[in-house]
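The lines below spell out each chain.
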Amino acid sequence: MINVTKPFLPPKEEYDTYLQGIWKREWLTNNGPLVNELELRLKEYFEVPHLFYVSNGTIALQIAIKALGLTGEVITTPFSYVATTSSIVWEGCTPVFVDIHPGTLNINPALIEEAITPRTTAILATHVYGNPCDAEAIEAVAAKHNLRVIYDGAHAFGSKIGTGSVFHFGDVSTLSFHATKLFHTIEGGAIVTKDPETAKKIAFMRNFGHNGPEKFSGIGINGKNSEFHAAMGLCNLKYVDEILQKRKELSERYDHMLRRLKVQRPSVLSNHTANHAYYPVIFEDEPALLKAIEALHGVYVYPRRYFYPSLETLEYITTAYPVQTSGDISKRVLCLPLYHELSVEEVDMISRALLRAQNY
Ligand SMILES: *Cc1c(COP(=O)(O)O)cnc(C)c1O
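Bear in mind the structure is a predicted one, so any value in this text is a computation, not a measurement.

Another point: the sheet that holds strand 5 (residues 120–126). Spatially, the seven strands line up as an open sheet ordered 2-10-9-6-5-3-4, and their pairing is mixed. The open sheet has two free edges, formed respectively by strand 2 (50–54) and strand 4 (94–97), since each of these has just one partner strand. Pairs of neighbouring strands in the sheet enclose a mean axial angle of 25°, with direction left out of account. Across five bridges, the pairing between strand 9 (residues 172–176) and strand 10 (residues 189–193) is antiparallel. From the neighbouring strand, Ser176 faces strand 10, where its bridge partner is Gly189. Contacts from helix 3 (residues 57–67) reach strand 2, strand 5, strand 6 (148–152), strand 9 and strand 10 within the one sheet, and its direction differs from that of strand 9 by about 165°.

In structure tokens, the structure reads:
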């Protein structure tokens, strides 16, 4: 059986070494030395001044929205994981959906301006599948209308704009280190910002607002993560460049094997580098996608319809939005298996099953 993803696990001895240190120190959570070390290493890796390791990518988004003091309407993409939208609603703001670009599948910057109202305070865009957003265009509109920008970078570990990390952009970026992501700490996430004032707020908010044992600076929540999770991150970070390279090679193998398959692949803007976190293919129509899924199930391969459905269809979204491209793509897109341990032979087998389903 081959599933769409399989979490990476480091050699167990390497994790054991960290466990010995935890047992010696008896320091399990609350900004421990391994959490600090992971934050330091990630700051170096992305070349960012402030990064906070938190319990997951959803709390990262919620703290980001809270730390920027967003109210009213937040312009966002309907083509993302549900957490992008639910975080906006959870924080008492109203998501306003703007359609995606049919090539990159990221929010279409050309459509943002017409969605801005006097109540708009921010843009929350996702680097979908690790394909970087058109940050320059998004931030030009944001600057013109004095809006804040948050990037949901849950997929974007290792993605680049120019020669630098995508996390150099926006007021705040968030990451997810969930077990299914390219780099993971079992559960976990991070918040990145270059603004020292925002960083200070995030630091308080992550830890109940504590400013010392008996003083509080504003409202907070428990967004902390543990030494055990940080240890997994430190183990995995050692392998992340290998993981990125392997995914690139497997993706290129799919590209080659599927060159005659009638599917479209997302386009990447020039000077932008995607991280091959996923391998999405877009079929001509939904029946073609369903036929492909059936063919893959026949050889015990379980791809995933991701993202489906488009987020404007959530039951708690009561306004209608003209986001046809997202609605259309979400019905036709399928993520094929892609993970570190997947072999070239398995990619070939999956590809042949897909080709057979289209009568090649
Ligand atoms: C995984 C994911 C999240 C949520 O991250 P968790 O760590 O699972 O809470 C948010 N946004 C996107 C786009 C994701 O893929």
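Once that is clear, we can look at the domain arrangement of the chain. Accessible area lost upon the coming together of the parts serves often as the stated size of an interface. Considered domain by domain, the chain is made up of domain 1 (2–97 + 105–237) and domain 2 (240–357). Here the C-alpha centre of domain 2 lies 24 Å away from the C-alpha centre of domain 1. Listed as interface residues are 41 residues of domain 1 and, on the opposing side, 48 residues of domain 2. Of the roughly 3,800 Å² buried between domain 1 and domain 2 on both sides combined, carbon and sulfur atoms contribute 65%. Three residues stand out in domain 1 for area buried against domain 2, namely Ile2, Tyr129 and Leu182, and they jointly supply 23% of the buried area on that side. With a closest N to O distance of 3.3 Å, Glu341 and Lys6 form a salt bridge. Taken together, the links from domain 1 to domain 2 amount to 19 residue pairs in polar contact (both at pLDDT 80 or more). For the side of domain 1 that touches domain 2, the elements supplying multiple residues, two or more each, are strand 1 (2–3), helix 4 (82–90), strand 4, strand 7 (160–161) and helix 7 (227–237).

About the cut-offs
- Numbering of residues starts from 1 in each chain and follows the order in which that chain's sequence is written.
- Only residues with pLDDT of at least 70 get local features here, since the model is predicted, and only at 80 or more are side-chain atom pairs given and counted; chain-wide, interface and lining totals rely on the full set of residues.
- Neither water nor hydrogens contribute to the side-chain values; these are computed over all heavy atoms in the structure.
- In short, DSSP must find at least two bridges between two strands for them to pair.
- Counting from the N terminus, the helices are DSSP H or I runs at least four residues long and the strands are E runs at least two residues long.
- Structural elements are reduced to axes, namely lines fitted to C-alpha atoms, with helices fitted over the stretch in contact, and the angle between N-to-C directions of any two is expressed from 0 to 180 degrees.
- By definition, residues are in contact when any of their heavy atoms lie within 4.5 Å.
- Note that the domain bounds reflect an automated or database-derived domain assignment.
- By definition, the buried area sums, over both parts, the 1.4 Å-probe accessible area that each loses when the two are put together.
- Whenever Lys or Arg places a side-chain nitrogen within 4 Å of a carboxyl oxygen from Asp or Glu, that contact is recorded as a salt bridge.
- We call two N or O atoms a polar contact when they sit within 3.5 Å, provided that within protein one can donate a hydrogen and the other can accept it, with sequence-adjacent residues counted only if both atoms are side-chain atoms.

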